[in-house]
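# Reading the structure
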Amino acid sequence: EHNVKNTPWYLNSVGGATLTVTFDSGITSIGDNMFRGCTGITGDLTLPSTINHVGCNAFDGVLRITALNVEAASITMEENAFRGCTGIKALTIPVGLNVVGYANSPIFEKCSGITSIHFTGAGSGHIYTENGESAYTATPWYLSRNNTITVSFDDGITSIGDNMFRDCSGLSGTVLCTNVVSVGSHAFSGCINLVGFESDALTTLGEEVFRGARSLV
């Protein structure tokens, strides 16, 4: 193991430099603590489709990333991988990714700046629960619920999982998901600022999907 504080990117960060990070397409993994505390890293961060693993605390405390784009259809993110990345406003992630991952040290802990989310891929969204390693209260959109948040979906997505946006009071506007066939229980429960939901293919609704979504028309 090597101390991140001895890396040139950390030393330049604490020295006041502004840095951007890019990855060649052949890179498959980002190690534990690799950019931890590197507050000089700014702008958009794209993880190319070849990256299938992000280590523990890899970007912990990288406050000035403004957008995160995860291109891989399947990726493993370890504990607190993006903890405290409060500057992230735009998030693009696979719909099936469990963005919580760990009950006591979730992937996006303290990420409260999200204002837009685009879900990519095909098939079904992750099923979230009331507690544990898939607790909806630890998703970055729930943590950002005091913001106004917009959500969009790739056309290949066919299902929205249980509790996915539950109590996300910041979710606003109309959610368009053209080919979504089913929406899980409580998926939009408590989304008090959600105005509309539209799908051309919807056939199945779980229990209390829109309970408390009082602005829905």
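Heads up: the structure comes first, above all this text.
Residues numbered from 1 in each chain as written. Predicted model: local features only at pLDDT ≥ 70, side-chain atom pairs only at ≥ 80, totals over all residues. Heavy atoms only, no water.

The next subject is the overall build of the protein chain. Helix and strand counts for the protein chain stand at 2 helices and 14 strands. Its C-alpha atoms give the protein chain a radius of gyration of 18 Å, near enough to 17 Å, the size a compact globule of 217 residues would have. With respect to the three principal axes, the spread of C-alpha positions in the protein chain is 55 × 30 × 30 Å. Looking at the protein chain residue by residue over its 217 residues, the buried ones come to 48%. Taking the contacts inside the protein chain whose residues are at least 6 apart along the sequence as the reference set, 50% of them involve residues at least 24 apart. For the protein chain, the accessible surface area stands at approximately 9,700 Å², while carbon and sulfur atoms represent 46% of it. Here the protein chain holds 10 positive side-chain charges and 19 negative ones, and the gap between their average locations is 13 Å. (Helix = DSSP H or I, 4+ residues; strand = E, 2+ residues; numbered from the N terminus. Rg over C-alpha atoms; globule rule 2.2 N^0.38 Å. Buried < 20%, exposed > 50% of the residue type's maximum accessible area, 1.4 Å probe, protein only. Contact = heavy atoms within 4.5 Å. Areas by Shrake-Rupley, 256 points an atom, 1.4 Å probe, with all protein chains shown as cover. Lys, Arg positive; Asp, Glu negative; His and termini not counted. Charge placed at Lys NZ, Arg CZ, Asp CG, Glu CD.)

This part covers the sheet that holds strand β1 (residues 29-30). Ordered by their spatial adjacency, 3 strands build an open sheet running β1-β3-β5, and the pairing between neighbours is parallel. The two strands at the open ends of the sheet, each matched to only one other strand, are β1 and β5 (76-77). (Pairing = 2+ DSSP bridges.)

With that settled, the discussion passes to the environment of Leu-11. Among the secondary structure elements, Leu-11 is positioned in helix α1 (residues 8-14). It is 8.4 Å that separates the C-alpha atoms of Leu-11 and Cys-38, two residues lying 27 residues apart in sequence. If near-sequence neighbours (up to four positions away) are discounted, Leu-11 is found in contact with Lys-5 and Asn-6.

Let's shift gears to the sheet that holds strand β10 (residues 157-160). As summarised here, the arrangement of the 4 strands in space is β8-β10-β12-β14, forming an open sheet in which the pairing is parallel. Two strands bound the open sheet, and with one partner strand each, they are β8 (123-124) and β14 (204-205). Inspection of the sheet shows strand β12 (residues 182-183) paired to β14 by 2 bridges, in the parallel sense. The residue bridging Ser-182 from the neighbouring strand is Thr-204, located in β14.

All right, on to the nonpolar core then. Counting residues in hydrophobic clusters, the biggest one holds 61 residues, and the most contacted among them are Leu-47, Phe-59, Phe-82, Phe-165 and Phe-188. Put simply, the parts of the chain that give this core at least two residues each are β2 (42-47), β4 (64-70), β6 (90-94), β7 (116-120), α2 (140-143), β9 (150-153), β10 and β13 (194-198). It is β4 that contributes the most residues to this core, 3 residues altogether. (Core = buried A, V, L, I, M, F, W, Y, C linked by side-chain atoms within 4.5 Å.)

A few words now on the pattern of salt bridges. A complete count under the given rule lists 4 salt bridges for this structure. For the salt bridge of Asp-60 with Arg-36, the shortest nitrogen-to-oxygen distance reads 3.5 Å. Separated by 24 residues along the polypeptide, Asp-60 in the loop between β3 (53-54) and β4 and Arg-36 in the loop between β1 and β2 bring together distant segments of the chain. According to the relative accessible area criterion, Asp-60 is buried, its value standing at 8%. Relative accessible area serves as the criterion here: at 33%, Arg-36 is assigned to the partly exposed category. Measuring nitrogen to oxygen at the nearest pair gives 3.3 Å for the salt bridge that ties Arg-166 to Glu-130. Of the two residues, Arg-166 sits in the loop between β10 and β11 (173-176) while Glu-130 sits in the loop between β8 and α2, which places them 36 residues apart along the sequence. With a relative accessible area of 54%, Glu-130 lands in the exposed category. When salt bridges with common partners are traced through the structure, they connect Arg-36, Asp-60 and Arg-83 into a single cluster. (Salt bridge = Lys/Arg side-chain N within 4 Å of Asp/Glu carboxyl O.)

When you line up the elements, Asp-154 lands in the loop between β9 and β10. Taking C-alpha positions, Asp-154 is 7.6 Å from Cys-177, a pair spaced 23 residues apart along the chain. Non-local contacts of Asp-154, meaning those with residues more than four positions away in its chain, are made with His-118, Phe-119, Thr-120 and Gly-121.

Turning our attention to the packing of aromatic side chains. The full count for this structure, using the stated rule, is 16 aromatic pairs. Ring geometry for Phe-35 versus Phe-59: centroids 5.2 Å apart, planes at 20°, classification stacked. Here Phe-59 lies in the loop between β3 and β4 and Phe-35 lies in the loop between β1 and β2, a separation of 24 residues in the sequence. On the basis of relative accessible area, Phe-59 is assigned to the buried category, the value being 1%. Three or more aromatic residues joined by ring pairs make a cluster, and in this case those are Phe-119, Tyr-128, Trp-141, Phe-153, Phe-165, Phe-188, Phe-197 and Phe-210. For the cation-ring pair, Arg-145 lies above Tyr-142, with the distance from its terminal atom to the ring centre recorded as 4.1 Å. (Phe/Tyr/Trp six-rings, centres within 6.5 Å; stacked < 30°, edge-to-face > 60°. Lys NZ or Arg CZ within 6 Å of the ring centre and 35° of its normal.)

For β2 and β4, the ladder comprises 6 bridges, and the chain directions are parallel. What sits directly across from Thr-46, in β4, is Asn-69. Of the strand pairs in this sheet, β4 and β6 are connected by 3 bridges, and their pairing is parallel. Following the sheet pairing, Ala-67 is matched in β6 by Ala-90.

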